[in-house]
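Next come the chains, spelled out residue by residue.
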Amino acid sequence: MALTPPCPICGREASSAIAGLCFGDKPHLPSAITLHGCADCDFAFTWPRDPFGYRDYYAAVANDTAQRHGQYRNHPQADILANLIGSRPIRSVLDFGCGGGGLLHVLAERFPQVRFLGFDVNANFPSDLPNLRFTDQFPQDGHDLVILSHVIEHMADISQIKALFDLVGEDGLVHIEMPDPKHYISVPQPHFGYYVDRLHINHFSQRALLKIAPQGFDVLIGGTYRMPYALGDFYPAQYVVLQNRRHEQAVPEAIDAYLQAEAQRWADIRAQLHGRRFFIYGFGDNFHRSLSPGGPLHGLEGNIIAVIDRNAATLATSSRSAFQFMDPSEIARIDGALIVCTVSQFSDLAEGFRQAYPNSEVQYL
Ligand SMILES: [Zn+2]
């Protein structure tokens, strides 16, 4: 066993052990673990973590823990999810790792028009609601809302957590809830070091979770709360809801597409200005940007008679540009000519032009 194992999320060498813990023998589980941290991921994890061992452990205990509905007491969680379902066009909900299905039963009663599916390794029990179904078969993808409630802190293979995001449909949501390690200290349980064991093998921050989430999943809401709990009164929980925007373009491509559309949008104006000579009103960023490739003034520098600006005198001596500058007061020379206004448009600007240059045609950029 390496003294400093790699961080399961980023692969960097993790910290030396925060803690070393020993437990009794249990099939498939390590009897001695160390706890390590990754500062960059804001994350802690147990070691060793054999995914096959944990898989076999959960498969073995599944038959013992089948308990339909159970005693569902986490009303804050149900309220968070009900707000989500009630305020968005959600038609299908998957609870991945639904346990006894208590949460889904609460939600399915509240939203009879929404289809609910609960998956867990032992969830082959019937449902007494027409819009609620349980299965022990790995679910298909395409759900409007996927719930991962206290699931991913138990999963040894980070790539398997990443794969769960594929269950979320286009524009769909994933609600992920897990322990909040930063509040363990403020909600101690009756037993020594209760929050550190060999089943809670990932201690996430929101940053760590976002590092796992695939590109295109954006945060919708998130927070922390005290989850009602059977042992102590509460358990410190955190949740985050991500939206699947993977079908949208990545930021660089989105900006590229935007600028191409802008060039298209201004192509006609540029064509109209092509054969004409005109004054420019305003010597700011809008003007200079319009000269860029795709802009309405691109390649039309030679069509500009002069630039009208209040600082014409200063610009004429200090500006390194080749343009002529004129003060707006030289009305007689300007009026009647085409004026291309590059100043951001405020309500009184057009009226100002009508009064100062009544015979001029004004093109706004
Ligand atoms: Zn890391």
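What comes next is a walk through the structure.

1. Some points on the coordination of the zinc ion
- All of the protein donors around the zinc ion are C7 (SG), C10 (SG), C38 (SG) and C41 (SG); their distances to the metal are 2.2 to 2.3 Å.
- One way to put it: the four donor atoms around the zinc ion meet at angles of 107 to 113 degrees, and that makes the site tetrahedral.
- Sequence spacing of the donors to the zinc ion: C-x2-C-x27-C-x2-C. Taken together, the positions of C10 in the segment before β1 (19-22) and C38 in strand β2 (residues 32-38) put the pair 28 residues apart, joining distant regions of the chain.
- The exposure class of C10 is partly exposed, given its relative accessible area of 29%.
- Looking at C38, the relative accessible area reads 6%, which means it is buried.

2. A closer look at the sheet that holds strand β7 (residues 143-149)
- One open sheet accounts for seven strands, arranged β6-β5-β4-β7-β8-β11-β10; its pairing is mixed. The open sheet is flanked by β6 (132-135) and β10 (217-228), the only strands paired with a single partner. Direction aside, neighbouring strands of the sheet carry axes that sit 15 degrees apart on average.
- In this sheet, strand β11 (residues 234-244) lies alongside strand β8 (residues 168-179) in antiparallel orientation, the contact comprising seven bridges. Bridge pairing in β11 places M178 opposite Q238.
- Contacting β4 (92-96), β5 (115-119), β7, β8, β10 and β11, helix α2 (residues 75-87) crosses the sheet at an angle of about 150 degrees to β10.
- Strands in contact with helix α3 (residues 102-110) are β4, β5, β6 and β7; relative to β5, the strand with the most contacts, it is inclined by about 175 degrees.

3. Some points on the environment of H154
- Checked against the element boundaries, H154 lands in the loop between β7 and α4 (158-164).
- Under the relative-accessibility criterion, H154 is labelled buried at 19%.
- When the C-alpha atoms of H154 and H203 are compared, they prove to be 9.4 Å apart, with 49 residues separating the residues in sequence.
- A polar side-chain atom of H154 sits 3.4 Å from a polar atom in the side chain of Y58.

4. With respect to the pattern of salt bridges
- This model, assessed by the stated rule, comprises twelve salt bridges.
- Here K182 ties to D42 by a salt bridge, and the two come within 2.6 Å at their closest N and O atoms. On the criterion of sequence distance, the pair formed by K182 in the loop between β8 and β9 (202-203) and D42 in the loop between β2 and β3 (43-47) is long-range, its members being 140 residues apart.
- Taking relative accessible area as the criterion, K182 reaches 55% and is therefore assigned exposed.
- For D42, a relative accessible area of 31% corresponds to the partly exposed category.
- Among the salt bridges present, the one from R276 reaches E361, with a minimum N-O distance of 2.9 Å. Pair noted here: R276 is in the loop between α6 (251-274) and β12 (278-281) and E361 is in the loop between α10 (349-356) and β16 (362-364), with a separation of 85 residues, a long-range link.
- With relative accessibility at 35%, the residue R276 sits in the partly exposed group.
- Salt bridges sharing common partners tie together R12, D40, R207 and K211.

5. Describing the packing of aromatic side chains
- In total, this model carries 22 aromatic pairs according to the counting rule given.
- Note on F45 and W47: the rings are 6.3 Å apart at their centroids and 80 degrees apart in plane angle, and the pair reads as edge-to-face.
- Measuring from ring centre to ring centre gives 5.9 Å for Y194 and Y195, while their planes differ by 75 degrees; the resulting arrangement is edge-to-face.
- Judged by relative accessible area, which is 28%, Y194 ranks as partly exposed.

6. Things to note about the side chain of N131
- With respect to the helices, strands and loops of the structure, N131 is situated in the loop between β5 and β6.
- By relative accessible area, which is 12% here, N131 ends up buried.
- When sequence neighbours within four positions are dropped, the list of residues in contact with N131 reads A108, F111, P112, V114, R115 and F116.

7. Structural notes on the sheet that holds β1
- Across the sheet, four strands lie side by side as β1-β2-β3-β9; this open sheet has antiparallel pairing. Unpaired on one side and paired on the other, β1 and β9 mark the two borders of the sheet.

8. So, the pairing of β5
- Judged by how many residues are buried, β5 sits mostly within the fold: four of five residues are covered.
- The pairing of β4 with β5 spans five bridges and is classified as parallel. Within the sheet, the bridge partner assigned to F96 lies in β5 and is F119.
- The parallel pair β4 and β5, bridged by α3, forms a crossover whose chirality is right-handed.

9. Structural notes on the pairing of β2
- Judged by how many residues are buried, β2 sits mostly within the fold: six of seven residues are covered.
- With four bridges joining them, β1 and β2 adopt antiparallel strand pairing. Paired with L21 across the bridge in β2 is I33.
- As judged from the five bridges shared by β2 and β3, these two strands associate in the antiparallel manner. Paired with C38 across the strands is F43, a residue of β3.
- A loop of four residues connects β2 with β3, the two strands running antiparallel in sequence, and D42 in this loop sits at a positive phi of about 55 degrees.

So, how was this worked out
- Residues numbered from 1 in each chain as written.
- Predicted model: local features only at pLDDT ≥ 70, side-chain atom pairs only at ≥ 80, totals over all residues.
- Heavy atoms only, no water.
- Donors = N, O, S within 2.8 Å, 3.2 Å for Na, K, Ca; no water.
- Tetrahedral: all angles 85-135°; square planar, octahedral: opposite > 155°, others 65-115°.
- Helix = DSSP H or I, 4+ residues; strand = E, 2+ residues; numbered from the N terminus.
- Buried < 20%, exposed > 50% of the residue type's maximum accessible area, 1.4 Å probe, protein only.
- Pairing = 2+ DSSP bridges.
- Axes fitted to C-alpha atoms, helices over the stretch in contact; angles between N-to-C directions.
- Contact = heavy atoms within 4.5 Å.
- Polar contact = N/O pair within 3.5 Å; in protein donor to acceptor, adjacent residues only side chain to side chain.
- Salt bridge = Lys/Arg side-chain N within 4 Å of Asp/Glu carboxyl O.
- Phe/Tyr/Trp six-rings, centres within 6.5 Å; stacked < 30°, edge-to-face > 60°.
- Right-handed = clockwise from strand over helix to strand, strands pointing away.

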